[in-house]
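Structural characterization, general
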Number of protein chains: 2
Amino acid sequence: MSTAHLEDRPTPGRVGDVRKQNLALVLRNVHPNVQTTRAQLAAETGLTKASVSSLVADLLDAGLLTEVGITRDGERGRPGVGLALNPLRGALGAEVNVDYLGVGVVDLNGNLHFQETTERHNSGSSPEEVLGALRLMTKRAADAASDAGIVLLGGGLAVPGLVDADRNYVSTAPNLGWTGVELSGELGALLPHSPFGVTLSNEANSAALAELWYGQGVSFRAYLYISGEVGVGGGLIIDSQLFTGPAGHAGEIGHSVVQPKGPKCTCGGHGCLETFAGQEAIFSASGIGDGPTGHRMAQLLTALAAGDPRPLAAVEEAGYYLGVATATTARLMNVAAVVLGGHFSLLEEWIRPALQQSVDEFAPGVVAPDAVAFSALRQTAALMGAAGSSLRRALANPQELVP
Amino acid sequence: MSTAHLEDRPTPGRVGDVRKQNLALVLRNVHPNVQTTRAQLAAETGLTKASVSSLVADLLDAGLLTEVGITRDGERGRPGVGLALNPLRGALGAEVNVDYLGVGVVDLNGNLHFQETTERHNSGSSPEEVLGALRLMTKRAADAASDAGIVLLGGGLAVPGLVDADRNYVSTAPNLGWTGVELSGELGALLPHSPFGVTLSNEANSAALAELWYGQGVSFRAYLYISGEVGVGGGLIIDSQLFTGPAGHAGEIGHSVVQPKGPKCTCGGHGCLETFAGQEAIFSASGIGDGPTGHRMAQLLTALAAGDPRPLAAVEEAGYYLGVATATTARLMNVAAVVLGGHFSLLEEWIRPALQQSVDEFAPGVVAPDAVAFSALRQTAALMGAAGSSLRRALANPQELVP
DNA sequence: ACCTATAGTTCAGAACGAAAACTAATTGCG
DNA sequence: CGCAATTAGTTTTCGTTCTGAACTATAGGT
């Protein structure tokens with residue numbers, strides 16, 4: 001669970017653990033969409049050719065690797081047998097958000113298949129109702145995967161709330177109106193009989209990981225991800241891993257104090273980033289009235305394009321305070337990049353200059369212009385991250401699939 | 001190097017690595033000042049008695065453990081042979097600060113011996129001069145240790161600046177006036193012929209670790225340490241480890257933005273915590289003129305005790321902004337405790353209420369009153385942390401001492 | 001054809017922990 | 001007092017895994 005700070009008693013090192021570790025080591029050196037050979041893996045891992053051959057044999061049995069014919073590189077010597085990640089292994093990704101449901105399948109090479117998004121107002125619906133609706137969608141995706149010959153190793157479900165992944169428990173999801181929900185049964189029903197099961201995750205955290213694996217974050221090893229949805233969520237990627245903090249809830253950038261004299265926040269504090277950069281804050285500061293989110297966002301974009309001063313000022317203020325929070329985080333956590341997703345990626349044109357100027361004002365020289373990126377994954381970010389986490393679990397524990 | 005985010009190629013798991021891991025595992029289960037036995041270690045680690053016996057034999061050979069006679073617990077059965085951390089193994093700790101030098105020896109049980117502090121105005125002196133003066137002190141400490149039969153396994157040197165421990169390099173220490181200093185030679189001369197050598201560290205980080213191992217932090221697994229010296233430094237302890245961030249410079253709480261409209265800071269930004277809670281800020285807001293730090297601090301404490309309103313307001317403001325930074329960090333990093341050291345521990349009486357009120361205002365319910373602690377280690381914190389890091393290195397790599 | 005270079009396999013050997021049988025030292029109880 | 005019960009620790013055998021060296025396989029160059 002990626003930098004998970006769990007209380008797991010250090011297991012005694014058995015001789016068999018060495019193999020477990022080396023299976024994962026070999027697998028880590030097979031990159032998506034790139035062929036390799038046993039000899040190359042031996043050179044990269046430092047293992048002997050004999051060991052690599054034995055490990056690869058297990059990984060082929062496990063179905064994680066496939067042989068893809070002879071690699072002819074024109075050089076002298078016997079050509080190697082091509083090895084690649086098996087494109088017929090994947091994981092299910094699913095997302096419950098406030099106004100939509102999403103599912104999809106991601107294979108080991110990172111390709112997204114059978115993606116489907118349905119608009120649905122989930123706020124207020126019971127978890128059973130929502131997951132019932134979601135189950136119809138995951139059934140379709142799983143059947144389509146099966147028809148295409150793709151075996152699903154596991155799955156992930158992202159929700160906009162605080163989760164305890166080990167207990168399949170959503171402690172609170174304010175924007176859904178959920179509190180203290182245990183989902184073991186529902187998660188099992190989403191994807192029966194998969195070796196790695198379905199795991200819960202926080203939506204912003206999963207989106208942050210999706211950027212790392214499949215999006216803007218691929219060029220950074222460490223960054224702050226800020227997701228603009230109804231609330232302002234965050235995910236910290238440190239050393240190419242999600243930083244979850246001691247209790248698993250790190251990255252709550254939405255409640256950084258950016259203006260001690262600022263307005264009251266729903267969290268009980270005041271002057272939080274969310275009170276300046278959350279959807280409601282931007283809409284109301286722009287003078288946009290109530291209505292469906294999509295409609296209000298369209299209004300906002302139109303007004304911005306027309307050069308209307310009130311929305312421009314509102315978005316600039318959001319960018320300014322995003323910069324304050326980014327500057328503090330950059331100094332505190334020693335990260336030098338930031339990726340913005342959710343509604344912020346729609347507002348890139350107006351947010352980017354304000355944010356950059358603000359960061360440079362509060363932490364000069366720390367965040368370079370090309371270290372500010374905006375997500376292109378849109379509504380698939382969270383589900384791709386959830387599926388990706390599941391795939392990483394499989395790749396990190398290949399011995400569980402060896403017969 | 002404790003949650004060090006280094007680019008180390010994952011080593012292939014060899015069969016021998018299992019022993020290395022199990023040597024460290026057994027050692028981790030021998031706690032300072034507590035006797036144990038082979039049988040108890042077997043139960044705690046999950047290893048078989050046979051394996052533990054063999055591992056313990058190596059650790060005795062390495063000099064890390066000692067047998068301390070028969071443990072009679074009055075119960076039936078053969079009594080076990082007592083095992084304990086060898087009190088005759090230790091590490092040297094040293095600190096260069098702006099106005100003093102400190103050395104000491106810490107043994108495996110955490111006891112501090114031969115501690116010596118010398119007032120010395122190091123700001124402006126060349127690194128060679130300062131380390132020359134320090135070497136005289138470390139020589140005395142090493143000789144005293146030797147006379148007492150204590151073998152020094154390694155050492156640590158804490159400095160108030162950004163360091164690259166792997167390269168023995170101080171990139172910048174503004175308050176010493178050092179920039180780009182390479183200290184390999186000097187470090188080697190401080191403690192010749194020790195198996196683990198002398199390692200550089202940041203002073204606030206080492207102090208944070210000293211609190212974890214030997215001070216207030218023992219009751220927390222995760223906290224923010226804030227050190228008030230000339231600057232405001234910080235250290236983040238997450239999951240009982242120092243969080244260093246991707247480039248090793250995390251924890252710079254002094255330059256969190258706590259008031260966007262605040263005054264200019266030496267870092268180039270403005271509204272940083274340091275501009276409200278640094279020594280200079282507190283002195284000048286209190287109306288205390290120039291002079292030696294010790295003298296000014298005495299003046300401040302006298303004025304506070306007398307109820308002088310200006311210093312009271314200055315210290316309360318420092319506490320208020322410490323609370324803002326703590327609230328943000330608590331939410332962002334998911335830590336729920338804070339430990340204050342340096343000059344803040346002298347000001348506890350006045351800082352504590354202001355800080356607690358501020359934290360509760362900005363992040364209600366996140367930091368409990370008994371999760372705010374003040375350091376009692378004073379001037380020994382950094383050197384104990386530096387020595388402790390060295391000891392931890394030895395305990396984590398016992399196989400290097402096995403003959 | 002023959003040499004060289006590279007890929008991959010086979011087999012003996014060493015290191016290690018697991019499991020079980022064994023020895024050692026103590027208490028409790030008849 | 002003596003024997004059973006109990007706990008501590010050691011010895012022996014075994015299976016797993018990696019390493020290293022020898023071996024086979026397959027290509028290009030001359």
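Residues numbered from 1 in each chain as written. Chains lettered and ligands numbered in written order. Predicted model: local features only at pLDDT ≥ 70, side-chain atom pairs only at ≥ 80, totals over all residues. Heavy atoms only, no water.

1. Comments concerning the overall build of chain A
- Check the secondary structure of chain A and you find 13 helices and 15 strands.
- Over its C-alpha atoms, taken along the principal directions, chain A stretches across nearly 70 × 50 × 45 Å.
- In chain A, which comprises 403 residues, the proportion classed as buried is 55%.
- Once local pairs closer than 6 in sequence are excluded, the contacts in chain A between residues at least 24 apart make up 63%.
- Entry remark: accessible area of chain A is about 16200 Å², with carbon and sulfur atoms responsible for 52%. (Helix = DSSP H or I, 4+ residues; strand = E, 2+ residues; numbered from the N terminus. Buried < 20%, exposed > 50% of the residue type's maximum accessible area, 1.4 Å probe, protein only. Contact = heavy atoms within 4.5 Å. Areas by Shrake-Rupley, 256 points an atom, 1.4 Å probe, with all protein chains shown as cover.)

2. Considerations on the pattern of salt bridges
- On inspection of all chains with the given rule, the structure shows 18 salt bridges over all chains.
- Linking A:D239 and A:R221 is a salt bridge whose minimum nitrogen-to-oxygen distance equals 2.1 Å. Within this pair, whereas A:D239 is found in the loop between β12 (232-238) and β13 (241-243), its partner A:R221 is found in the loop between α6 (203-214) and β11 (223-228), the two being separated by 18 residues in sequence.
- The partly exposed category is assigned to A:D239, whose relative accessible area is 21%.
- Relative accessible area serves as the criterion here: at 39%, A:R221 is assigned to the partly exposed category.
- Note that B:D290 and B:R296 form a salt bridge whose closest N and O atoms lie 3.9 Å from each other.
- Note on B:D290: relative accessible area 74%, which makes it exposed.
- Exposure remark for B:R296: the relative accessible area of 7% places this residue in the buried category.
- One salt-bridge network, in which partners are shared between bridges, spans A:E280, A:D290 and A:R296. (Salt bridge = Lys/Arg side-chain N within 4 Å of Asp/Glu carboxyl O.)

3. Description of the pairing of strand β6 (residues 151-159) of chain B
Residues and elements named next belong to chain B.
- The buried fraction of β6 is high, at eight of nine residues.
- Here strand β3 (residues 89-96) pairs with β6 via seven bridges, running parallel. In the strand pairing of β6, A94 is matched with L157.
- Bridge count for β6 against strand β10 (residues 198-202) is five bridges, and the pairing is parallel. Its bridge partner being in β10, A158 is matched across the sheet by S201. (Pairing = 2+ DSSP bridges.)

4. Things to note about the state of the cysteines
All names here are of chain A.
- Scanning all chains against the criterion turns up zero disulfides over all chains.
- For C265, which is in no disulfide, the shortest distance to another cysteine sulfur is to C267 and amounts to 3.7 Å.
- Between C267, a free cysteine, and C272, which holds the nearest cysteine sulfur, the sulfur-to-sulfur gap is 3.6 Å.
- When its relative accessible area of 23% is taken as the criterion, C267 is described as partly exposed. (Disulfide = S-S within 2.5 Å.)

5. A look at the protein's contact with DNA strand D
- Taken together, the neighbourhood of DNA strand D is formed by 29 residues, with A:R19, B:K49, B:S53, B:R78 and B:V81 sitting nearest.
- By atom count, sugar and phosphate contribute 72% of the portion of DNA strand D lying within 4 Å of the protein.
- Between DNA strand D and the protein, one listed contact pairs a phosphate oxygen with a backbone N or O atom of A:T48 at 3.5 Å.
- Between DNA strand D and the protein, one listed contact pairs a base oxygen with a backbone N or O atom of B:G77 at 3.4 Å.
- Examining the composition of the surface near DNA strand D, we find that four residues originate from one element, helix α1 (residues 15-28) of chain A, more than from any other.
- Here the residues of the surface near DNA strand D are counted per class, giving eleven nonpolar, nine polar and nine charged. (Near = heavy atom within 4 Å. Polar contact = N/O pair within 3.5 Å; in protein donor to acceptor, adjacent residues only side chain to side chain. Nonpolar A, V, L, I, M, F, W, Y, C, P; charged D, E, K, R; others polar.)

6. Quick word on the protein's contact with DNA strand C
- Taken together, the neighbourhood of DNA strand C is formed by 28 residues, with A:K49, A:S53, A:R78, A:V81 and B:R19 sitting nearest.
- Counted by atom, the contact set of DNA strand C within 4 Å of the protein is 71% sugar and phosphate.
- The backbone of A:V81 places a nitrogen or oxygen atom 2.4 Å from a phosphate oxygen of DNA strand C.
- Of all the elements in the fold, those that place two or more residues in the surface near DNA strand C are α2 (38-45), α3 (49-61) and β2 (80-85) of chain A together with α1 (15-28) and α3 (49-61) of chain B.
- In terms of residues, the surface near DNA strand C owes the most to one element, α1(B), which gives four residues.
- When grouped by side-chain class, the residues that make up the surface near DNA strand C number ten nonpolar, nine polar and nine charged.

7. Observations concerning α1(B)
- The terminal C-alpha atoms of α1(B), which comprises 14 residues, lie 21 Å apart, in line with the 20 Å expected from a rise of 1.5 Å per residue.
- On its buried face, α1(B) is in contact with α1 of chain A together with α2 (38-45), α3, β1 (65-71), β2 (80-85) and α13 (381-396) of chain B. (Expected span 1.5 Å × (residues − 1).)

8. Thoughts on the nonpolar core
- Residues A:M333 and B:M333 are the most contacted members of the largest nonpolar core, which totals 178 residues.
- When near neighbours in sequence (up to four residues on either side) are disregarded, A:M333 contacts A:L236, A:I238, A:F243, B:L236, B:F243, B:G245, B:P246, B:A250 and B:M333. (Core = buried A, V, L, I, M, F, W, Y, C linked by side-chain atoms within 4.5 Å.)

9. A few points about the sheet that holds strand β12 (residues 232-238) of chain B
All names here are of chain B.
- The strand order β13-β12-β11-β14-β15 describes an open sheet built from five strands, whose pairing is mixed. Two strands in the sheet have a free side with no partner beyond their single neighbour: β13 (241-243) and β15 (372-374). Averaged over all pairs of adjacent strands, the angle between strand axes in this sheet comes to 30°, irrespective of strand direction.
- Note that strand β11 (residues 223-228) and β12 share six bridges and pair antiparallel. Among the inter-strand pairings, G228 is bridged to a residue of β12, identified as V232.
- Along the sheet face, helix α10 (residues 309-333) touches β11, β12, β13 and β14 (338-342) and points at about 150° away from the line of β11.
- In the packing of helix α12 (residues 348-362) onto the sheet, contacts are made with β14 and β15, and the angle to β15 comes to roughly 165°. (Axes fitted to C-alpha atoms, helices over the stretch in contact; angles between N-to-C directions.)

10. Some points on the domain arrangement of chain A
Residues and elements named next belong to chain A.
- With domains assigned, chain A is organised as domain 1 (15-85), domain 2 (89-207 + 381-401) and domain 3 (218-376).
- Summarising the inter-unit geometry, the C-alpha centres of domain 1 and domain 2 are found 31 Å apart.
- Contacts between domain 1 and domain 2 engage eleven residues on the former and twelve residues on the latter.
- Between domain 1 and domain 2, a total of about 1000 Å² is buried, with carbon and sulfur atoms accounting for 63% of that surface.
- Together, K20, L64 and L85 form the three largest contributors to the area buried by domain 1 at its contact with domain 2, with a combined 44%.
- For the pair domain 1 and domain 2, the number of links is zero salt bridges.
- Along the contact surface separating domain 1 from domain 2 lie one residue pair in polar contact (both at pLDDT 80 or more). (Domains from an automatic or database assignment. Buried area = accessible area lost by both parts, 1.4 Å probe.)

11. Let's talk about the relation of the copies chain A and chain B
- Expressed as a screw transformation, the operator carrying chain A onto chain B has a rotation angle of 180° and an axial translation of 0.0 Å, and the superposed copies differ by an RMSD of 0.1 Å. The symmetry that links the two subunits is that of a two-fold axis.
- By residue overlap, the copies meet face to face through one surface: 98% of the interface positions of chain A are interface positions in chain B. (Least-squares fit on C-alpha atoms with pLDDT ≥ 70 in both.)

12. Regarding the pairing of strand β14 (residues 338-342) of chain A
Residues and elements named next belong to chain A.
- The buried fraction of β14 amounts to four of the five residues, a majority that puts the element mostly inside the structure.
- In this sheet, β14 lies alongside β11 in parallel orientation, the contact comprising five bridges. Paired with I226 across the two strands is L340, which belongs to β14.
- When β14 meets strand β15 (residues 372-374), the two strands line up parallel, connected through three bridges.

13. A closer look at the interface of chain A and chain B
- Contacts between the two partners involve 60 residues from chain A, matched on the other side by 59 residues from chain B.
- For the chain A and chain B pair, buried surface summed over both sides reaches about 4600 Å², with 57% attributable to carbon and sulfur atoms.
- On the surface where chain A and chain B come into contact, there are zero salt bridges.
- Taken together, chain A and chain B are joined by twelve residue pairs in polar contact (both at pLDDT 80 or more).
- For the side of chain A that touches chain B, the elements supplying multiple residues, two or more each, are α1, α2, β12, α10 (309-333) and α12 (348-362) of chain A.
- Element by element, the count of residues in the side of chain A that touches chain B is highest for α10(A), at nine residues.
- For the side of chain A that touches chain B, a count of residues per class yields 28 nonpolar, 21 polar and eleven charged.

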